Each structure stands twice: as structure tokens, then as C-alpha cells.
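# Structure assessment
Next come the chains, spelled out residue by residue.
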Amino acid sequence: NPKVSRRLVGHRSALSSVSMLASARPAHALATRPSVVSFAGALAWRVTRSGVPPTCVIPSDLSTSANASSSSARSQPGATGSSTRRSSVVTSATGKKGGKSSSNASGLLSGVHPDSVEQVGRIVEKAQAASDRWGVEITGFLDPALAADAAMAIGRAADVTAMPWGGHVRAERVRLVMGRKETLGEPWEAKEEQEETDGTTDGGEDVDTENRDSNPSVSNSPDSFRQIASDENGVVVLVQITGNFVFDTADHRDFLGAILGTGIDRGKIGDVYVSGERGAFVMCDPAMGEFLGTALTSVRTVPVRCAVVPLSELKLPKPRVDQFTTIEASMRLDAVASAGFRMSRAKMNDLIVAGAVRVNWREGCKPKTLVAAGDVISLRGKGRVEIGAVGETAKGKFQVDVVRYL
């Protein structure tokens, strides 16, 4: 029919014009106004009147652009979909909500001080990696508080253990040797711990620390704890700093400041023992021992020489302690510490505010902080106090056993 043919040609030209107009629109316009393409399809169906009304089909290139535009629109400020997903991923990664891994993480890290959670988490990951490959991982030198938190968390994990080593059994800053018990073997014999307590003379003379390599039961495995803690292949070496400090006395802070002034990270340095006018001994990482031999040339105004010496060269005096019992109305830090260090409460309060007092080797304590049995209170330049058993008197006050290390 010529009349129908003319109508078809007219509507087809209109349809092509609408399609061109739709293709000329930006992608986001197509994404937000799909009615343009729908209108073109409905117009064609009206002309032919055959079959079922066509559905709106957007070409693949246009749909890709529209999806990209929609994604970018959702990523703008104020969009909630993707931000919600990101927050859920972050929450899952940090182990705060749901999931088996999160429950395991929260279980291992429960009881860890908030300031140490991130560091302890990394240490636990290294320990588990060592367990998985039946190998050994060793941390840097950790302060006593962080080492205790990390050892507690690792102790909750399966098939892995952590053994501390700082050069000798009385070291405060230690490295954790982590791995399976079958790999590390046994630690030092119990008799050595007894020697650490009773191995000094009644006169308090210096006593050599035992050379561990002389023990015939030391394992030959390079990954065993006894080999790792030995003089030859150990992870801790002893550096002797010698100089004439008769006229310019140097203390612990002077030696530590000079060492860190060479650029060494604190995690590479263990305990520092001042030996009076003769200099000091420093526990450190083996690589840092060689570095100090050339980098450290003076402490204060005194020229010094550094050399790596066997661990058996370290001589520790017998610890001097003062044990007594005090009665306190509360277990506040300022009250217990003033009694332990035998000074006025007002002066102790000023020292706490100044940051000179730590509880369990942690800074940031306040005078009203409550302490308990087993806590260690340290005062800069005055030693430390360990709280023993805590009882209650008939009048409701606290009877506290105190051990002060001078």
C-alpha cells in the first residue's frame, strides 16, 4: 500500500533522528533518562503493529559508559552504597565484627594494652608465619611491657611459642625468638635460673655470666634457641664501650643518647649497663655491634672505643633490694609510689605529672591511677618498686608488700 509505505518511511526517519539524538546525549543522560530509547521502540511498534512491544535495549558500549558513570556518581561525597561497603571491609580487616578470623584475632589480642595492639598484632603474624613454615622469626628488642603482651598473645596461639632473649636471664629489653617448640628445642636449664639468683657471693662481688656455649647439651640445629642465644651465632651481641670518665661522668642516658645519635633504631639496642668510670656494656643486634665499632667515637666529651666481646664478659652485681610492708588508705599510684620510694606524696605527685614515673614500663600514668599486686613502678634515676601481696587491715586499709630494687 503506497500510503502505508509513506508512513513507514516517515516514521523510520523519525526513529533514526531520535536514535541520533540519543547517541549524541552524554552517557550520564542515557543512564538517567532511558525513556528516549523506550520512546523510539514504542514508536516503531505503533507503526508496524506486529509482534509484542519491544523492550528497551541499550547498546553494550552505552551500557558500559552508563555503568561507569553511575559508579562514579555513587563514589561522590554523599553516596552511601560504596562507602558502606568500604567501611564493612575495613571493619572486617581490623577484626572488630563477625567472621572466624576476626574472632580469632580478638581472642589472641584480648587483654593487650590498647597502645600495643597494632605492634602485638604484627608480632603474632610473624609468629604464625614461622609456625606455618616450621622456621624461626625474631623480633627486635622490645621493652618489658610490649614483650609481655606479645608473649601472652603468642601463648594463646596453637603450635607456636616465644622465648625471650636479651643477652642474659636478667635482661629487661629482650628479643622474642618465635617458632614451633619442636624447632626451638628447650630453653636454658632450670639450674641456670637458680644460678642467676644464688650465683653471687655474699659480699655482692661481680660474677661472670655463664657462657652458654659451654653447655654440652646445646643443640647443633641453627634454628634451636640455644644456638640463636649463643656467642658465635647469636642474635644478641655484647659491645664494650671503654673510655676515661673520671672527670666527666656519664650515666645511662648519656650512653644511650650517644648510641642513638649515630642513627641506630631503638629496636636494635637492648640493655645498657654503666660500669662506672670505665665505660659501659651494651646489648645490641649483631650488625649494629660492628657499626658501633666505627660510628661511636665519643660520649659527652670523652673519646671512646667500642668492641664486640663475648657475652661472658658481662659482670652483673648482686641486686640490692629493700623489702618492707606499708599501710595505705588507697591503691593510688601517688600513695603507693611515695611509700615505696620513701618520699613525700606531694613530691611524688609532681614527679608523676612530669612524666618521670612509669607503671609496668608504660608512660602516661596519672597520680590517681590504681595499681595492683604484681605491678612494677619505675622512677627515673631511682630504680623501681615491685608491688607484692596486697591485703586488708581490720580498719579497711590496704597492707601492701613492697620490694624496692636499688
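Residues numbered from 1 in each chain as written. Predicted model: local features only at pLDDT ≥ 70, side-chain atom pairs only at ≥ 80, totals over all residues. Heavy atoms only, no water.

## Some thoughts on the overall build of the protein
Scanning the protein from N- to C-terminus turns up 15 helices and 16 strands. The buried share among the 406 residues of the protein stands at 35%. Relative to all contacts within the protein whose residues are 6 or more apart in sequence, the contacts with residues 24 or more apart total 61%. About 23,200 Å² of surface is accessible on the protein, with carbon and sulfur atoms providing 53% of the total. (Helix = DSSP H or I, 4+ residues; strand = E, 2+ residues; numbered from the N terminus. Buried < 20%, exposed > 50% of the residue type's maximum accessible area, 1.4 Å probe, protein only. Contact = heavy atoms within 4.5 Å. Areas by Shrake-Rupley, 256 points an atom, 1.4 Å probe, with all protein chains shown as cover.)

## Things to note about helix H12 (residues 252-260)
Of all the residues in H12, the buried ones are Phe255, Leu256, Ala258 and Ile259. For H12, the angular spread of buried residues about the axis comes to 160°, placing them on one side. (Arc of directions from axis to C-beta.)

## What about unusual backbone geometry?
Despite not being glycine, Trp134 has its phi angle at roughly 55°, a positive value. Within the secondary structure layout, Trp134 lies in the loop between helix H7 (117-132) and strand E1 (136-138). Taking relative accessible area as the criterion, Trp134 reaches 47% and is therefore assigned partly exposed. In this model, Trp361 sits at a positive phi of 65°, which is unusual for a non-glycine residue. The topology assignment puts Trp361 in the loop between strand E13 (357-359) and strand E14 (376-379).

## Digging into the environment of Arg180
In this structure, Arg180 sits in the loop between strand E3 (175-179) and helix H9 (181-184). Put simply, Arg180 and Ala127 are 53 residues apart on the chain and 8.9 Å apart in space, counted from C-alpha to C-alpha. Apart from residues lying up to four places away in sequence, Arg180 is in contact with Ser131, Trp134, Gly135, Asp159 and Thr161.

## A word on the environment of Gly135
Its place among the elements puts Gly135 in the loop between H7 and E1. The sequence separation of Gly135 and Gly179 amounts to 44 residues, and the corresponding C-alpha distance is 6.1 Å. Other than its neighbours up to four places away in sequence, Gly135 contacts Ala130, Met178, Gly179, Arg180 and Thr183.

## Details of the sheet that holds strand E10 (residues 305-309)
On the basis of which strands lie adjacent, the open sheet formed by 4 strands has the order E6-E7-E5-E10 and antiparallel pairing. This sheet does not close on itself; its edge strands, each paired only once, are strand E6 (269-274) and E10. On average, adjacent strands in this sheet sit at an angle of 25° to one another, irrespective of strand direction. Two elements, E6 and strand E7 (residues 279-284), share 4 bridges in a ladder whose sense is antiparallel. Counted as the bridge partner of Val274 is Ala280 from E7. Across the face of the sheet, H12 comes into contact with strand E5 (237-242), E6 and E7 while running at roughly 140° to E6. (Pairing = 2+ DSSP bridges. Axes fitted to C-alpha atoms, helices over the stretch in contact; angles between N-to-C directions.)

## Some remarks on the nonpolar core
The biggest cluster of nonpolar side chains holds 37 residues, and the ones touching the most others in it are Ile154, Trp165, Phe225, Leu238, Tyr273, Met283 and Leu314. When contributions to this core are tallied by element, the ones reaching two or more residues are H7, helix H8 (144-156), strand E2 (161-165), E3, helix H11 (225-228) and E7. Here this core gets 5 residues from one element, more than from any other, and that element is H8. Of all hydrophobic cores here, the second largest spans 22 residues; its members include Phe255, Leu256, Val272 and Val282. (Core = buried A, V, L, I, M, F, W, Y, C linked by side-chain atoms within 4.5 Å.)

## Some remarks on the packing of aromatic side chains
In total, this model carries 2 aromatic pairs according to the counting rule given. Relative to Phe225, the ring of Trp165 has its centre 6.3 Å away and its plane inclined at 85°; by these criteria the two rings are edge-to-face. Taken together, the residues span a long stretch of sequence, with Trp165 in strand E2 and Phe225 in helix H11 at a distance of 60 residues. You'll find Trp165 and Phe225 in the same group, each marked buried. Stacked on the ring of Trp134, the Lys or Arg Arg180 has its end atom at 4.1 Å from the ring centre. One Lys or Arg, Arg384, reaches over the ring of Tyr405 and ends 4.7 Å from the middle of that ring. (Phe/Tyr/Trp six-rings, centres within 6.5 Å; stacked < 30°, edge-to-face > 60°. Lys NZ or Arg CZ within 6 Å of the ring centre and 35° of its normal.)

## A few points about the side chain of Ser230
Position of Ser230 relative to the elements: it lies in the loop between H11 and E5. On the basis of relative accessibility, which here comes to 1%, the residue Ser230 falls in the buried class. Separated by 2.6 Å, the side chain of Ser230 and the backbone oxygen of Gln227 make a polar contact. (Polar contact = N/O pair within 3.5 Å; in protein donor to acceptor, adjacent residues only side chain to side chain.)

## Notes on the sheet that holds E2
Hydrogen bonds along the backbone pair up the strands of a sheet, which may run parallel or antiparallel. Taken in spatial order, the 3 strands make up an open sheet running E1-E3-E2, and their pairing is antiparallel. On the outer flanks of this sheet lie E1 and E2, each paired with one strand and no other. Pairwise comparison of adjacent strand axes, ignoring direction, gives a mean angle of 20° for this sheet. Pairing of E2 with E3, which is carried by 5 bridges, proceeds in the antiparallel orientation. If you follow Trp165 over to E3, its bridge partner there is Arg175. In the packing of H8 onto the sheet, contacts are made with E2 and E3, and the angle to E3 comes to roughly 10°.

## Describing the packing of helix H14 (residues 333-340) against helix H15 (residues 345-353)
Here H14 crosses H15 at 115°, and the two axes come no closer than 9 Å. Here H14 lies roughly perpendicular to H15, going by the angle between them. Pair H14 / H15 crosses with right-handed handedness. Judged by residue contacts, Leu333, Asp334, Ala335, Ala337 and Ser338 of H14 engage Arg345, Met348, Asn349 and Ile352 from H15. Here the contact of H14 with H15 is composed, by residue class, of 5 nonpolar, 2 polar and 2 charged. (Parallel < 35°, antiparallel > 145°, perpendicular 65-115°, else oblique. Left-handed = near helix turned anticlockwise from the far one by under 90°. Nonpolar A, V, L, I, M, F, W, Y, C, P; charged D, E, K, R; others polar.)

So, to be careful, I would describe these as geometric facts and stop short of saying anything about function.
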